[in-house]
Amino acid sequence: MAFFAGALSTLIYRTSGAVAVSIASPIWIAIFVLATWPVLAANNIHISQLRTWIIEQVLPQAALPVSSHV
């Protein structure tokens, strides 16, 4: 199913104008969010904590406590 979605996206985005892409993009985002929501919930990653989790994954030094050397 993922390969089909990727192929369909490629077909839509390469052969369509700006209007079709602007209509298809929010639909694909909504489908992606709804499809990944159960996976995130099963791994105890809640939407309210998702921003913090992403920042910790991308910037590991941001998760460290700030210490003062005074």
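Parameters at a glance
Residues numbered from 1 in each chain as written. Predicted model: local features only at pLDDT ≥ 70, side-chain atom pairs only at ≥ 80, totals over all residues. Heavy atoms only, no water. Axes fitted to C-alpha atoms, helices over the stretch in contact; angles between N-to-C directions. Helix = DSSP H or I, 4+ residues; strand = E, 2+ residues; numbered from the N terminus. Parallel < 35°, antiparallel > 145°, perpendicular 65-115°, else oblique. Left-handed = near helix turned anticlockwise from the far one by under 90°. Contact = heavy atoms within 4.5 Å. pLDDT = per-residue confidence, 0-100.

Describing the packing of helix 1 (residues 2-15) against helix 2 (residues 18-42)
- Orientation of helix 1 relative to helix 2, taken along the N-to-C sense of each, is 160 degrees, at an axis distance of 10 Å. On the basis of their axis angle, the class for helix 1 and helix 2 is roughly antiparallel. Crossing of helix 1 against helix 2: the hand is left-handed. Residues Ala5, Leu8, Ser9, Ile12 and Tyr13 of helix 1 form the contact with helix 2, whose own contacting residues are Val21, Ala24, Ser25 and Trp28.

Description of the confidence of the model for the chain
- Confidence in the prediction for the chain averages 78 pLDDT; 84% of positions are at 70 or higher.
- At the level of individual helices and strands, the chain shows its lowest average pLDDT in helix 3 (residues 47-58), which scores 79, and its highest in helix 2, which scores 84.

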